[in-house]
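The lines below spell out each chain.
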Amino acid sequence: MQKNRKNLIYILCYFAYASIYIARLNLSVATPLLRDSHIMSTEQIGYLGTAFSVVYAFGRLLNGVRADFVQPRVMISIGLVLCFFANLGMGILPPFSGMLLFWCVNAFAQSMLWSSVLRFINYIYLNDKAKLTRLSAMVSSVAAGNVLGILICTWIIEKMDLVMAFLIPGCITLVLGATVFLIFPRITEENRLPEKQTGIREIFSQLRNLLSDKEIRTAAFPSLLHGIIKDNVTLWMVVYFVDTFGIDISKIAGYVLFIPIVGFAARMIYPCLLKKCRNDEHRVSIFSFFGCTACSLCIVFSESPVLSVVCLSVIYSFMSLINSSMLSIFPIRFDARGCSASVSGIMDFSTYFGNGIGALLYGVMIAHWGFSSMYLSWIAVSLTAIWILIKLSDHKTSE
């Protein structure tokens, strides 16, 4: 494949994956208006976050295995189109039960992308020295999507209304889904089974074999723990600044935008940090969880919105580094076995299952004990993850 063709596909992969965060952050940005308009309560917002995470987690588990066998362009384009229909349904502003249903569809649709993106990038840069750098940079699409999501959705809500806050992000995914299907080529890999041999029985057999691997099982726990923190930073950041510091929704972007920007920078420096850690992704995660512990303790005592946004930004950046380790570098080490997408699905399942646990608990905790209870829990979560990762890193070093 020619270099220009590779670059075009890479850029499309980047923006396709970033677009699903635009169609996810719209809920976070719209949260204060949904609550103040009595469309949803704080607890119901937490339930939506939990439902999204749980469905996304199980979707990643299923679609992660499917992505090892189904053509990436098919998985990516179908996911993006389904994302459009889900956001279209949310834009109708149905009763809570309807919103719950559409947000679950959105979660499953978005779960179809990452493993296929990972497989495609690995394929086009298979014998390229830049593969690890390209994979690490691709993960920055998450932060880029967060930045774009905050900018676009804040502008839409300020200039238009809640309906358009869901409709426009949905249209973006629709356009990108059609573009991916038309432009992406079919790929062929010798170490993959044909799609016709991958029914439900084969999927569960693949999962059972992978979960029998002690290294994968052990890595799933810190992945789950980082998930408890990761997306709950962005889910609650708007409400946190509105409730704690009384910042007007029209001015909130200036505060919360800083969080994903710092996260974007962290993902871009990840390749250098990985090299400093002797290409041991677990050491990167240990360093990041230590940083999260310090910042979480600091924000508990913060009385300044500036200090708070700095702390949350650094926490998010550390979670971004861990996310790169768990969902990109660790899974790709299993590509020789033809199951990198499946391992990615397992890691993402753990991450979003953890996020679902966090969203469910934090909706109740914040309503009763305030935001400090959430930040204190992040300290305990980080210290537990460090203990597990030290064992995992020591095991990898001894091999």
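K.L.:
Before we go on, may I ask you to explain the overall build of the protein in this structure?
P.N.:
Looking only at helices and strands, the protein has 17 helices and zero strands in total. In the protein, of all internal contacts separated by at least 6 residues, the share reaching a separation of at least 24 is 84%. For the protein, the exposed area adds up to about 15600 Å²; of that, 67% sits on carbon and sulfur atoms. Put simply, the protein has 31 plus and 22 minus side-chain charges, and the middle of one group is 8 Å from the middle of the other.

K.L.:
Quick question: what am I supposed to make of the packing of aromatic side chains here?
P.N.:
The relative placement of two aromatic rings is captured by the distance of their centres and the angle of their planes. Enumeration over the complete set of coordinates arrives at 21 aromatic pairs. Plain terms: the ring middles of Tyr-17 and Trp-114 are 5.0 Å apart, the flat faces sit at 55 degrees to each other, and that makes the pair tilted. Of the two residues, Tyr-17 is situated in helix H1 (residues 3–36) and Trp-114 in helix H5 (residues 114–124); the sequence distance between them amounts to 97 residues. On the basis of relative accessibility, which here comes to 3%, the residue Trp-114 falls in the buried class. Aromatic pair Tyr-240 and Phe-245: ring centres 5.7 Å apart, planes at 85 degrees, arrangement edge-to-face. Overall, Phe-245 belongs to the partly exposed group, its relative accessible area being 22%. Site record: aromatic cluster; members linked through ring pairs are Tyr-240, Phe-241, Phe-245, Phe-371, Tyr-375 and Trp-378. Taking NZ or CZ as reference, Arg-24 lies 4.2 Å from the ring centre of Tyr-21, over its face. Between the NZ or CZ atom of Arg-24 and the centre of the ring of Tyr-56, over which it lies, the distance is 5.2 Å.

K.L.:
What is the right way to read the nonpolar core from this model?
P.N.:
If you look at soluble globular proteins, the nonpolar side chains tend to sit buried side by side. With 129 residues, the main nonpolar core has Ile-121, Leu-312, Met-347, Tyr-375 and Trp-378 as its most contacted residues. It is helix H10 (residues 214–245) that provides the largest number of residues to this core, a total of 15 residues. Excluding residues that lie within four positions of it along the chain, Tyr-375 makes contacts with Tyr-240, Ser-296, Ile-299, Val-300 and Leu-312.

K.L.:
Can you help me understand helix H12 (residues 258–268) in this one?
P.N.:
Helical geometry: 3.6 residues make up each α-helical turn, so side chains three or four residues apart lie on a common side. When H12 is considered as a whole, its buried residues turn out to be Ile-259, Pro-260, Gly-263, Ala-266 and Arg-267. Buried positions in H12, seen along its axis, are confined to an arc of 110 degrees and lie on one side of it.

K.L.:
Quick question: what am I supposed to make of the environment of Leu-224 here?
P.N.:
Looking at where Leu-224 falls in the secondary structure, it is placed in helix H10. In the structure, Leu-224 is positioned 157 residues away from Val-381 in sequence and 9.8 Å away in space, judged by C-alpha atoms. Those residues in contact with Leu-224 that sit more than four places away from it in its chain are Ser-350, Thr-351, Phe-353 and Gly-354.

K.L.:
Explain the environment of Ser-212 to me, please; I cannot follow it from the model alone.
P.N.:
In this structure, Ser-212 sits in the loop between helix H9 (200–211) and H10. Using a relative accessible area of 53% as the deciding quantity, one classes Ser-212 as exposed. Separated by 61 residues in sequence, Ser-212 and Leu-151 place their C-alpha atoms 44 Å apart.

K.L.:
Can you walk me through the pattern of salt bridges in this structure?
P.N.:
A side chain with one charge can pair with a side chain of the opposite charge if their charged atoms come near. Using the criterion set out here, one finds five salt bridges in the structure. Asp-36 serves as the salt-bridge partner of Arg-35, at 3.6 Å between the closest nitrogen and oxygen. Here Asp-348 ties to Arg-60 by a salt bridge, and the two come within 2.5 Å at their closest N and O atoms. Taken together, the residues Asp-348 in helix H16 (residues 340–369) and Arg-60 in helix H2 (residues 42–66) connect sequence positions 288 residues apart. On the basis of relative accessibility, which here comes to 1%, the residue Asp-348 falls in the buried class.

K.L.:
I tried to follow the side chain of Asn-87 on my own but got confused; where do I start?
P.N.:
Tracing the backbone shows Asn-87 in helix H3 (residues 72–91). Here Asn-106 takes part through its side chain, which lies 3.3 Å from a polar atom of the side chain of Asn-87. Excluding residues that lie within four positions of it along the chain, Asn-87 makes contacts with Ala-23, Asn-26, Trp-103, Asn-106, Phe-166, Leu-167 and Gly-170.

K.L.:
In this structure, what is going on with helix H15 (residues 305–332)? I would like to understand it.
P.N.:
In a regular helix each residue adds 1.5 Å, so 28 residues correspond to 40 Å; H15 covers 39 Å between its end C-alpha atoms and thus fits that length. Remark: the principal bend of H15, roughly 30 degrees, maps to Ser-325. For H15, the buried fraction is high: 23 of the 28 residues fall into the buried class.

K.L.:
What's the story with the environment of Leu-48 in this structure? I'm lost.
P.N.:
Here Leu-48 lies in helix H2. In this structure Leu-48 comes out as buried when scored by relative accessible area, which is 0%. Residues Leu-48 and Lys-131 lie 83 residues apart in sequence; the distance between their C-alpha atoms is 36 Å.

Cut-off values and rules
- Residues numbered from 1 in each chain as written.
- Predicted model: local features only at pLDDT ≥ 70, side-chain atom pairs only at ≥ 80, totals over all residues.
- Heavy atoms only, no water.
- Helix = DSSP H or I, 4+ residues; strand = E, 2+ residues; numbered from the N terminus.
- Contact = heavy atoms within 4.5 Å.
- Areas by Shrake-Rupley, 256 points an atom, 1.4 Å probe, with all protein chains shown as cover.
- Lys, Arg positive; Asp, Glu negative; His and termini not counted.
- Charge placed at Lys NZ, Arg CZ, Asp CG, Glu CD.
- Phe/Tyr/Trp six-rings, centres within 6.5 Å; stacked < 30°, edge-to-face > 60°.
- Buried < 20%, exposed > 50% of the residue type's maximum accessible area, 1.4 Å probe, protein only.
- Lys NZ or Arg CZ within 6 Å of the ring centre and 35° of its normal.
- Core = buried A, V, L, I, M, F, W, Y, C linked by side-chain atoms within 4.5 Å.
- Arc of directions from axis to C-beta.
- Salt bridge = Lys/Arg side-chain N within 4 Å of Asp/Glu carboxyl O.
- Polar contact = N/O pair within 3.5 Å; in protein donor to acceptor, adjacent residues only side chain to side chain.
- Expected span 1.5 Å × (residues − 1).
- Bend = angle between axes of the 7 residues up to and from the residue.

Treat this as a map of the structure, not an account of what it does.
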